[in-house]
Amino acid sequence: MTSPAPTQSAKSGSCGCAPTTATAEMDAKLRARIESHPCYSEEAHHHFARMHVAVAPACNIQCNYCNRKFDCANESRPGVVSELLTPEEAAHKVLVIAGKIPQMSVLGIAGPGDPLANPKQTFRTFELVAEQAPDIKLCLSTNGLMLPDHVERIKQLNIDHVTITINMVDPEIGAKIYPWIRYNRRRYTGIEAARILHERQMEGLEALRDADILCKVNSVLIPGINDEHLVEVNKAIRDRGAFLHNIMPLISAPEHGTHFGLTGQRGPTQKELKFVQDNCSGNMKMMRHCRQCRADAVGLIGEDRSQEFTKDKFLTMEPEYNLAERQVVHQSIAEFKAELARAKEAVEAARPVVEDSPKILVAVTTKGSGLINQHFGHAKEFQIYEVDANEVRFVSHRKIDHYCQGGYGEAATLDNIMATIADCAAVLTAKIGTCPQDKLATLGVEVVEAYEAIDVVARQYYDRKLSEQPAVSRQPVAVAP
Ligand code: CLF
Ligand code: SF4
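Residues numbered from 1 in each chain as written. Chains lettered and ligands numbered in written order. Predicted model: local features only at pLDDT ≥ 70, side-chain atom pairs only at ≥ 80, totals over all residues. Heavy atoms only, no water.

On to the sheet that holds strand β7 (residues 186–189), then. Spatial ordering of the open sheet is given by β2-β6-β7, a layout of three strands whose pairing is antiparallel. Every interior strand has two partners, whereas the edge strands, β2 (61–62) and β7, have only one. Of the pairings in the sheet, the one linking β2 to strand β6 (residues 180–183) comprises two bridges and is antiparallel in character. Bridging from a neighbouring strand, I61 pairs with I181 of β6. The sheet strands contacting helix α6 (residues 190–210) are β2, β6 and β7, and the helix crosses β7 at an angle near 105°. (Pairing = 2+ DSSP bridges. Helix = DSSP H or I, 4+ residues; strand = E, 2+ residues; numbered from the N terminus. Contact = heavy atoms within 4.5 Å. Axes fitted to C-alpha atoms, helices over the stretch in contact; angles between N-to-C directions.)

So, in structure tokens, the structure goes:
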């Protein structure tokens, strides 16, 4: 590898000039709106938790990847059933969890059906929470059919984050995804149904933009149906002011009993998913840290604490919401994030931007907080970062089985884990045993043991590899199929 040619400073604006004061102010305002939202900010998801309450049972459309015995698959992991709550029970649950998990910053309503097909329950829940827990951000996810009718109410209630699931902008493609919708007391099918849904989604998106409400769009990637089409979807939503695009893989296990599951429609490989995400990423911000959580999810994204707060348990708990205590916790998170930023700045400062530097993938074991702070054997997933000379960038997570089972490593599980990260140059982990370390060595995957900021260790590792040229040989980096 030849030595890098210095170009413009990494800290200048996209045009190469310093950002104007107005742009900087706008950026700061936007940052403030997302900095504690774990879905809208990749950085925030290391530090802040979200919770969902399942208050919305009905749905007004049919998606071919959904079986209504389970939760809405537009924002939830397919095949999961949540306990339905009344708005009062839901508000009680929020006040309990806001005390027990003070880093919980966002309440989302995402099912189990469509929140706006159940506007009474959805808005009553938000009202109760806003009255009693004013620091909690409110978040809503919808298929968009009824969105234009509710934007005013959403604005009044200070719901600043809305997700619409948009899988198509072409009704002919839509007809392959949605067999029917129910709208204005009538059932529509085929292309007509998809056309109405599409028009309502676009109208809702524009209304959110005009009301200055941040909008994320989820799209389910369905190979052979909308994989090539999602670039058009991406353009249409960007033109209408969407803030973030979350392209999620179709999950279509036959045991979930969905139309796609039963007809053999497959989901995308990781490589196909990354390809589409990368194709769309030049146009607007992409969300890559979504875990397709449950309609009653609780905790950091990637951890699931919902079983600690089932109805039989949380109804016996006293609400412990305390605004002052929560503010202290949030302040300490802000200080910790600033410390991480300074550590990152120290290793990134004055680095020139390098065109076409080689990229490597590293796999990280973490419990959150932006740190490498988890034992290899305790990891349930790896966070995958792509590193080049300019950037340490989170690109995906890969789920794995626990390696440590009662203190003993299981050989078959270990083999699966190895296959999961075989395309990575290194594993960054807090601690690892000799057996997995030896196996990784045979695959050419290095191990870096550290208890430090992910960005810092990844950067130092990359720079070391660079200095050992031509040892950085995994270029361009392939993502495991
Ligand atoms: Fe919930 Fe959705 Fe709000 Fe987040 S989830 S309603 S925006 S608070 Fe987040 Fe979960 Fe992915 Fe959703 S990880 S499924 S994107
Ligand atoms: Fe299922 Fe959600 Fe689609 Fe309704 S909008 S059919 S609940 S995935």
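At their nearest, the axes of helix α7 (residues 230–239) and helix α9 (residues 270–281) sit 10 Å apart, and the two run at 35° to each other. Considering the relative orientation of α7 and α9, their crossing is right-handed. From α7, L230, V231 and N234 reach across to α9, where they touch V276, N279 and C280. Along the lines of polarity and charge, the residues of the contact of α7 with α9 split into four nonpolar, two polar and no charged. (Left-handed = near helix turned anticlockwise from the far one by under 90°. Nonpolar A, V, L, I, M, F, W, Y, C, P; charged D, E, K, R; others polar.)

So, on to the site of ligand 2. Residues in contact with ligand 2, as listed here, are C59, I61, Q62, C63, Y65, C66, R68, C72, A73, N74, G113 and N143. Split by residue class, the shell around ligand 2 holds seven nonpolar, four polar and one charged. (Near = heavy atom within 4 Å.)

A complete count under the given rule lists three aromatic pairs for this structure. Plain terms: the ring middles of Y40 and F243 are 6.1 Å apart, the flat faces sit at 15° to each other, and that makes the pair stacked. Pair noted here: Y40 is in the loop between α1 (21–34) and β1 (49–52) and F243 is in the loop between α7 and β9 (244–249), with a separation of 203 residues, a long-range link. There is no split in this pair, since Y40 and F243 are both buried. Measuring from ring centre to ring centre gives 5.8 Å for F376 and F382, while their planes differ by 45°; the resulting arrangement is tilted. Neither F376 nor F382 differs from the other in exposure class; each is buried. (Phe/Tyr/Trp six-rings, centres within 6.5 Å; stacked < 30°, edge-to-face > 60°. Buried < 20%, exposed > 50% of the residue type's maximum accessible area, 1.4 Å probe, protein only.)

Okay, the site of ligand 1 next. As a structural note, the neighbourhood of ligand 1 is formed by 15 residues, with C39, H52, E75, C139 and C293 the closest of them. Of the residues belonging to the shell around ligand 1, the class tally is seven nonpolar, five polar and three charged.

Before going further, it helps to spend a moment on the pairing of strand β17 (residues 426–429). Strand residues, when the strand is regular, have side chains that alternate between the two faces of the sheet. Burial along β17 is two-sided: A426 and L428 facing one way and V427 and T429 facing the other are all buried. For strand β12 (residues 360–364) and β17, the ladder comprises three bridges, and the chain directions are parallel. Each residue of the ladder has a partner; that of V362, found in β17, is A426. Both β17 and strand β18 (residues 446–449) contribute to a ladder of four bridges, which runs parallel. Residue pairing for β18: A426 is matched across the bridge by E446. In this view, the connection linking β17 to its parallel neighbour β18 by way of helix α13 (residues 434–443) has right-handed handedness. (Right-handed = clockwise from strand over helix to strand, strands pointing away.)

A few words now on the nonpolar core. One finds V53, Y65, M104, L107, F126 and I159 to be the most contacted residues of the largest nonpolar core, which totals 92 residues. Setting aside residues no more than four positions away along its own chain, L107 makes contact with M51, H52, V53, V94, F126, V129, I136, K137, L138 and C139. Formed by 21 residues, the second largest nonpolar core is a distinct cluster that contains V362, A389, V392 and L428. (Core = buried A, V, L, I, M, F, W, Y, C linked by side-chain atoms within 4.5 Å.)

Looking now at the packing of helix α11 (residues 323–348) against helix α14 (residues 454–467). At a minimum axis distance of 8 Å, the contact between α11 and α14 shows a crossing angle of 15°. Considering the angle they form, α11 stands roughly parallel to α14. Crossing hand, α11 versus α14: left-handed. Two secondary-structure elements touch here, α11 through A343, K344, V347 and E348 and α14 through D455, V456, R459 and Q460. (Parallel < 35°, antiparallel > 145°, perpendicular 65-115°, else oblique.)

Position of H256 among the secondary structure elements: in the loop between β9 and α8 (259–262). The exposure class of H256 is buried, given its relative accessible area of 14%. With 187 residues separating them in the primary sequence, H256 and K69 have C-alpha atoms 8.9 Å apart.

Next up on the list: the confidence of the model for the protein chain. Mean pLDDT for the protein chain: 87, with 89% of residues reaching 70 or above. Note on residues 471–481: pLDDT is under 50 here. Beyond four places in sequence and across chains, it has 32 contacts. (pLDDT = per-residue confidence, 0-100.)

This paragraph deals with the pattern of salt bridges. Counting across every chain of the model gives 30 salt bridges. For D149, the salt bridge goes to R200, with nearest N and O atoms at 3.0 Å. In this pair, D149 is assigned in the loop between β4 (137–142) and α4 (151–156) and R200 in helix α6, connecting sequence segments 51 residues apart. On the accessibility criterion, D149 (48% relative accessible area) is partly exposed. On the basis of relative accessibility, which here comes to 8%, the residue R200 falls in the buried class. Of the charged contacts in the structure, one is a salt bridge between R209 and D210, with a shortest N-O distance of 3.3 Å. Classification of R209 by relative accessible area gives partly exposed; the value is 38%. Among the residues examined, D210 registers a relative accessible area of 61% and is labelled exposed. The network of salt bridges with shared partners includes K274, D278, R288, E386 and R393. (Salt bridge = Lys/Arg side-chain N within 4 Å of Asp/Glu carboxyl O.)

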